[in-house]
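Structural overview
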Amino acid sequence: MPAAPELISPRSPRVSAARRLAKRNFRGKERLFLAEGPQAVREAAAHRTESGATLVELFATLDAAERYADIVGEARDAGARVHLASEDVIADISTTVTPQGLVGICRFLDTPFEEILRTEPRLVAVLAHVRDPGNAGTVLRCADAAGADAVVLTDASVDLYNPKSVRASVGSLFHLPVATGVPVEYAVRGLKDVGVRILAADGAGEDDLDDELDKGTMGGPTAWVFGNEAWGLPEETRALADAVVRVPIHGRAESLNLATAAAVCLYASARAQRARGAGS
C-alpha cells in the first residue's frame with residue numbers, strides 16, 4: 001500500500017482543521033464531522049449521497065493502517081485523502097480517551113424532513129428534547145436495528161454530529177435517513193399528514209405498551225416520540241401525540257433508561273407491523 005507522508009506535528013494545518021471539528025460551530029460552518037474507529041470509518045467509506053462520497057479524509061497510525069488495510073483501501077477507493085499520522089497526531093484529533101488509530105472526516109449527511117415524508121415511512125423515531133449525545137446515538141442505533149425508516153432530531157435536541165453521538169451510533173448514522181433541527185410540532189404535523197400515528201413514550205403515560213399490543217393498534221405506520229431521560233416530555237409535546245404510552249415495569253426497577261425504553265418501543269412496533277403484513 002503506498003503511504004502518504006507521515007504527519008509528525010500536531011501543528012500541521014490539516015491536523016488543526018480536523019481538531020476544530022470537535023466543536024459544534026466549526027462543524028456547522030464546514031459541514032464536516034469526525035468519525036472515529038474502524039466501524040465508523042468503514043461505514044463512512046461505503047456511504048454515498050447524491051453529492052458524492054461521504055468520507056473525504058482519513059488519518060491513520062501506521063499500525064492501524066496495517067491492521068485495517070482493507071478499510072484504508074476502501075477509503076482510498078472512495079476518493080478520501082489518506083494521511084499516515086503519528087499516535088500523537090491521532091490523540092490530538094481524537095475525542096476518545098483510547099483512540100483506535102483511525103479518524104475520518106465526513107460530509108454532513110442529514111436528510112431534509114420533507115424528503116423523509118415523501119417516502120411514506122412506516123416506523124420513525126423522533127428525538128424531542130434529547131440532550132445527551134450518547135443517548136441520541138444509541139437510540140439511532142436501536143432504530144436502525146429495529147428496521148426503522150428514519151430518525152428525526154428536533155431543534156431542541158443534541159447535535160447529531162457530536163463526536164459522542166457518532167460513536168454511540170456505531171455506524172448506524174450511515175444506514176438510515178436522519179433529519180435534524182425540525183421543530184417538534186412541525187415533525188408531528190408532517191408525519192400525521194402522511195398517515196403516521198404518533199406515540200409519545202413516557203413513564204407516566206396513560207396507556208400501557210402491553211395493552212396497545214393486545215388491542216392490535218400498533219400495526220400501522222408509527223412514530224415514537226422520545227424525550228429527555230431526566231425529565232421526560234413536556235406537557236405540550238405529550239399533547240401532540242395520539243397516545244402517551246408507558247413501558248410496563250414488571251419487576252422492581254425504578255425505571256428504564258432512554259435507550260432501553262426506545263429499543264422496547266421500536267421493536268414492539270416492528271413486530272406488530274410484521275404481524276400485520278404477514279396476515280394481510
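Here, every reference points to the structure presented above.
A brief look at the structure comes next. Each chain has its residues counted from 1, following the order in which its sequence is written. Per-residue local features are limited, in this predicted model, to residues with pLDDT of at least 70; the limit for side-chain atom pairs, both in listing and counting, is 80 or more; totals at the level of whole chains, interfaces and linings are taken over all residues. No hydrogens and no water enter the side-chain calculation; it runs on all heavy atoms of the structure.

A word on helix 10 (residues 184-193). Here the term buried applies to any residue with accessible area under 20% of the maximum for its type, exposed to any over 50%, and partly exposed to those in between, with areas from a 1.4 Å probe on protein chains only. Numbered from the N terminus, helices here are DSSP runs of H or I no shorter than four residues, and strands are runs of E no shorter than two. Those residues of helix 10 that sit buried are Val184, Ala187, Val188, Gly190 and Leu191. All buried residues of helix 10 project into a common sector of 165° when viewed along the axis, lining one side. One or two positions beyond helix 10, positive phi appears at Gly195, with a value near 85°. Working definition: the arc comes from the directions between the helix axis and the C-beta atoms, pointing outward to the latter.

Okay, the nonpolar core next. Throughout, nonpolar core names a set of buried Ala, Val, Leu, Ile, Met, Phe, Trp, Tyr and Cys residues whose side chains join them through atoms within 4.5 Å. Phe33, Val151, Trp224, Phe226 and Leu266 are the most contacted members of the largest nonpolar core, which totals 61 residues. Here the element with the most residues in this core is helix 13 (residues 258-279); it accounts for 9 residues. Whether two residues are in contact is decided by their heavy atoms, any of which lying within 4.5 Å being enough. Contacts of Leu266, omitting those with residues within four sequence positions, involve Leu123, Ala125, Cys142, Ala143, Ala146, Trp224 and Phe226. Val126, Ala128, Val152 and Ala187 belong to the second largest nonpolar core, which has 22 residues in total.

Below, the discussion takes up the pattern of salt bridges. Throughout this description, the term salt bridge denotes a Lys or Arg side-chain nitrogen within 4 Å of a carboxyl oxygen of Asp or Glu. Overall, the coordinates contain 15 salt bridges when judged by the stated rule. For the salt bridge of Arg197 with Glu212, the shortest nitrogen-to-oxygen distance reads 3.2 Å. Of this pair, Arg197 sits in strand 11 (residues 197-201) while Glu212 sits in helix 11 (residues 209-215); the two residues are 15 residues apart in sequence, bridging distant segments of the chain. Residue Glu212 is classed as buried on the basis of its relative accessible area of 2%. Among the salt bridges present, the one from Glu212 reaches Lys215, with a minimum N-O distance of 3.4 Å. Within this pair, Glu212 and its partner Lys215 are both found in helix 11, separated by 3 residues, close to a single helical turn. Take Lys215: its relative accessible area is 55%, and that puts it in the exposed class.

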